[in-house]
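Next come the chains, spelled out residue by residue.
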Amino acid sequence: MSREVMEYDVVIVGGGPSGLSTAIKLKQLNPDINVCLLEKASEIGAHILSGNVFETRALDELFPNWKELKAPIETKVSKEKFLFLGKEKSISWPTWLLPKVQQNHKNYIISLANLCRWLGEQAENLGVEIFPGFPASEILYNEDGSIKGVATQDMGVDKDGNKKDSFEPGIELLAKVTVFAEGCRGHLGKELINKFELSKGKDPQQYGIGFKEIWEVNENNHEEGMVMHTAGWPLDKNTYGGSFVYHAQNKQIYLGYVIGLDYQNPHLSPFDEFQRFKTHPAIKKTLEGGKRISYGARALIEGGLQSLPKMYMPGALLVGCDAGTLNMPKIKGSHTAMKSGMIAAEAIIDHIKENKDLSVYEEKFNKSWVYKELHEARNVKPSFSWGLILGIIFTGIDQILFRGKLPFTLRHKHADHETLKIANKMPKIEYPKPDNIITFDKTSSVYLTGTNHTDNQPVHLKLKDPELPIKYTLTKYDEPAQRYCPAGVYEVQYENDLPKFVINSQNCIHCKTCDIKEPSQNITWVTPEGGGGPKYGNM
Amino acid sequence: MKILVAVKRVIDYNVQVRVKEDNTGVVTDNVKMSTNPPDDNAVEEAVKIKESGKAKEIVAITVGEEKAQETVRKALAVGADRGIHVKVDGVIEPLAVSKILQKIVDKEKPDLVFMGKQAIDDDCNQTGQMLAALLNWPQATFASKIEVKDKTLEVTREVDEGLETIEVNVPAIITCDLRLNEPRYASLPNIMKAKKKTIEQINASDLGIDTKPRIDQIKVEEPPKRKAGIKVANVEELVQKLKNEAKVI
């Protein structure tokens, strides 16, 4: 079947900070260039979730007049705290003793989703054609193996793969350069990294799962501009993670938790750890009398420079966290994602105008401040594989004394799907029941995300071996998908005492954790019908 | 035949609507907005009628703030020929909308006016009926099937007792039920073409319509939370509870 074909100079897959910055920079450099941007969410911003304490460095370069243009960046960080949590108590770490990368006084508390909406408007004003609700589902290759473009998903296909009356075939978008900006663990980015062996010689990528809730709290518990991070309880010392508590505008608190997906205990439930964290006296007192208004979760990149794949290949580039530009010790990826997109735009202009090889992207990247930042940050995350205490001591030496200039690089040894230990050798974790005031269950949480997928469409979470979850993963790891999925997509149900693996794909909030953590890499996340997934507001 | 289809921009049906803290309304900032779902059915039906050769032109119209144009844009992408946006800022009630539509009908002279049976934001279910009264045209509301005949329409209506089939003379107002059809997807090339079409913009004040709300809204509140249910051990206990606690038998 032949599909309709449209040609552009540049096609960008994904409307997050990196993709939008690529598009904007391209148009700023050459207003005549044709740029098309595809976004799988129903609108720009609806799949964006981030803390977010924003460093404006990249935006200052992209739009020096962003204040005039009314970018939604208003709450300057006014106070910082870092707490080590014990079960009941907490110790406050003096801010002056924090490494420089963790100091935020020049930064702003923002909603990244709203910033993306604003960037989307700027891009459209510059003439970028943005198509929300159209996921790129397939990479198109030329005969010589280079990338020709992407195809959008067919719409109106039923769960068995048959065409419904409303069937609308996908179309082919061809480009001189295709930019993949899908964010962490993008499903096309994953295909490219494998096909072109872009990770060859690099460490395995490291990931985390991040949760976020927005609370409206009592005026007395709110201090606009306050930024707090915690480490320690409820995680054990071998599990990497911590929380953020940001006091944003309108009496809102952005509250979240990040857990490294290299955790070892298959009984661990990241969602329940987050819920439990909120019951700590130091946190609970802020939330009491308040109301939770949003919930969401998304996987994020933690591997840093050691795991950063090659970012160019014939006909295409990876930008932002589709490659993995997040700065983990800084707990920030928006500014680096934006900058990588801007550098990509410069490289594309050189490529189209002067026929330069796309490798110019990586040359420019390696000379940029992003590279310098990631280089200084590179040893922090791997040092935490020795546990929290040693990690902190090492990080103090590395970041405060040597400012990231130690003459060696620690490696990431394992991919996250390899770290789980056998279930019956690990302690079971008894999580407290939700009280529906401070803590909640997954169902009521997913409800807040506005997630929906059209009924009667193919399941977008593909099992390579449909028998494996019950035959192997359940026996060996007590099927951890039941716990690592933040939306309750995966369930093991019992019928006549026989276990059955159930995938509630309509609940999927597109976080990609299953694709990362499944011990046999048996689950593949592919794009569902366009417009599906969460409908985040100001996440 | 010429069909005028009215569409409204509302909070997307998947979004969990939240009441503003001061109880003056619901939060709409940075909330995903979409076309009112039964309005999509109205557009789809108009396009189907045009495809069957029984209509020549479809004009999509919306009344509302600047961004309401998105709904007309979507109608254009699935097959409407022209778009009109009547600009009004702030709250607008069904009576004002129907008065505006009356003016547009006077100007455009359509044979049929289609719209959704009601909007999912205020659930008024009034605009179609009021417009029919203002124009003194026949109306068929809650349409789940429409057959176009020579000078009449045979319309099946969703009513409490089941289905009711009526015949209306053209010109007529039809309000559409969700069961009427399955709206098609807008294809990417058609969305692109729709972006390039111009939408005629008219200020409500230029039509001489006073859009000032006539209803004083006192307070908006969330519905009370449902209490958790209980499990009963047996039928006896159930009957006993229904009798003594719920007092329904």
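Our subject is the structure that appears above.
All values reported here derive from a predicted model rather than from experimental measurement.

About the criteria used
For every chain, the first residue of the written sequence is number 1, and numbering continues from 1 onward in sequence order. Starting at A for chains and at 1 for ligands, labels are handed out in the order in which the entities are written. Residue-level local features of this predicted model are given only where pLDDT is at least 70; pairs of side-chain atoms are given and counted only at 80 or more, and the full residue set underlies all totals for whole chains, interfaces and linings. A run of DSSP states H or I qualifies as a helix once it reaches four residues; a run of E qualifies as a strand once it reaches two. Both are numbered from the N-terminal end. Residue burial is a threshold on neighbouring C-beta atoms within 10 Å of the residue's own C-beta, all placed from the backbone, with 20 or more meaning buried, 12 or fewer meaning exposed, and counts in between meaning partly exposed. We call two residues in contact when the distance between their C-beta atoms, placed using the backbone, is within 7 Å. Three classes are used, and their members are as follows: Ala, Val, Leu, Ile, Met, Phe, Trp, Tyr, Cys and Pro are nonpolar, Asp, Glu, Lys and Arg are charged, and the others, Gly among them, are polar. The convention used is that axes are lines fitted to C-alpha atoms, helices contributing only their stretch in contact, and that angles between N-to-C directions extend from 0 to 180 degrees. Under this scheme an angle from 65 to 115 degrees is roughly perpendicular, one under 35 degrees roughly parallel, and one over 145 degrees roughly antiparallel; angles in between are oblique. By convention, the crossing between two helices is left-handed when the near helix turns anticlockwise from the far helix through less than a right angle, and right-handed when the turn is clockwise. Only strands that DSSP links by at least two bridges are regarded as paired with each other. In these notes, a nonpolar core means any group of buried Ala, Val, Leu, Ile, Met, Phe, Trp, Tyr and Cys residues linked to one another through C-beta atoms within 7 Å.

A. Here's a closer look at the overall build of chain B. Scanning chain B from N- to C-terminus turns up 6 helices and 11 strands. Dimensions of chain B, computed from the C-alpha atoms along their principal axes, are close to 65 × 45 × 40 Å. Counting only residues that meet the buried cut, chain B has 39% of its 249 residues in that class. Contacts spanning at least 24 positions in sequence make up 69% of the contacts within chain B whose residues lie at least 6 apart.

B. A look at the interface of chain A and chain B. Tallying the contact residues gives 26 residues for chain A and 17 residues for chain B. Every element with two or more residues in the side of chain A that touches chain B is listed here: α3 (112–125), β8 (129–132), β11 (155–157), β12 (163–168) and α12 (442–448) of chain A. In terms of residue class, the side of chain A that touches chain B is made up of 9 nonpolar, 9 polar and 8 charged.

C. Quick look at the packing of helix α2 (residues 69–78) of chain B against helix α5 (residues 188–196) of chain B. Residue and element names in this part refer to chain B. Two elements in contact, α2 and α5, have axes whose closest approach is 8 Å; the angle formed by their N-to-C orientations is 125°. Comparing the axis directions of α2 and α5 gives the class oblique. Pair α2 / α5 crosses with right-handed handedness. In contact with Arg 73, Leu 76 and Ala 77 of α2, α5 contributes Asn 190, Ile 191, Ala 194 and Lys 195.

D. Region of interest: the environment of A:Gly320. Residue and element names in this part refer to chain A. One can find Gly 320 in the loop between β20 (316–318) and α7 (334–354). Judged by the 35 C-beta atoms lying within 10 Å of it, Gly 320 falls in the buried class. Sequence separation between Gly 320 and Val 380 is 60 residues; the distance between their C-alpha atoms is 20 Å. In contact with Gly 320, not counting residues within four places along its chain, are Gly 16, Pro 17, Ser 18, Ala 181, Gly 183, Thr 325, Ala 337, Ser 340 and Gly 341.

E. Geometry of the pairing of strand β15 (residues 226–232) of chain A. Residues and elements named next belong to chain A. With respect to burial, β15 is a largely interior element, 5 of its 7 residues being buried. By the bridge criterion, 7 bridges tie strand β5 (residues 79–85) to β15 in an arrangement that is parallel. Within β15, the residue paired with Glu 80 across the bridge is Val 227. In terms of strand pairing, β15 meets strand β16 (residues 241–247) through 4 bridges, oriented antiparallel. Residue Thr 230 lies in a different strand from β16, and its bridge partner there is Ser 243.

F. Looking closely at the nonpolar core. Counting residues in hydrophobic clusters, the biggest one holds 189 residues, and the most contacted among them are A:Leu317, B:Val5 and B:Ala60. A total of 9 residues in this core trace back to one element, the largest contributor, which is α7(A). Apart from the residues within four sequence positions on either side, B:Ala60 is in contact with B:Val5, B:Val7, B:Val43, B:Val72, B:Ala75, B:Leu76, B:Ala80 and B:Gly83.

G. Molecular detail of the sheet that holds strand β4 (residues 57–64) of chain B. Residues and elements named next belong to chain B. Spatial ordering of the open sheet is given by β9-β8-β7-β10-β6-β1-β4-β5-β11, a layout of 9 strands whose pairing is mixed. The open sheet has two free edges, formed respectively by β9 (162–169) and β11 (199–203), since each of these has just one partner strand. Taking the axes of each pair of neighbouring strands and ignoring which way they run, one obtains an average angle of 35° across the sheet. Pairing analysis gives 5 bridges linking strand β5 (residues 82–87) to β11, with the strands arranged parallel. Opposite Gly 83, over in β11, you have Ile 199 as the bridge partner.

H. Looking closely at the sheet that holds strand β17 (residues 252–260) of chain A. Residues and elements named next belong to chain A. Strands sit in the order β6-β5-β15-β16-β17-β14-β18 across an open sheet of 7 strands; the sheet is mixed. The open sheet terminates on both sides in strands that have one partner only, identified here as β6 (90–93) and β18 (291–301). The mean inter-strand angle of the sheet, taken between neighbouring strand axes irrespective of direction, is 20°. Bridge analysis of β16 against β17 gives 7 bridges, and the strand direction is antiparallel. Along β17, the bridge assignment pairs His 247 with Ile 253. Across the sheet, helix α5 (residues 270–277) is in contact with β14 (207–216), β16 and β17; its angle to β17 comes to roughly 135°.

I. Main features of unusual backbone geometry. The linkage connecting A:Gly51 with the following residue, A:Asn52, adopts the cis geometry, with an omega of 5°. Mapped onto the elements, A:Asn52 comes out in the loop between β2 (35–39) and β3 (53–54). Along the chain, B:Val170 connects to B:Pro171 via a cis peptide bond; the corresponding omega equals 5°. Mapped onto the fold, B:Pro171 is located in the loop between β9 and β10 (172–176). For A:Asp497, which is not glycine, the phi torsion reads 70° and is therefore positive. Turning to its location among the elements, A:Asp497 is positioned in the loop between β22 (490–495) and β23 (498–503). Unusually for a residue other than glycine, B:Asn136 sits at a positive phi of about 55°. Structurally, the position occupied by B:Asn136 is in the loop between α4 (127–135) and β7 (139–148).

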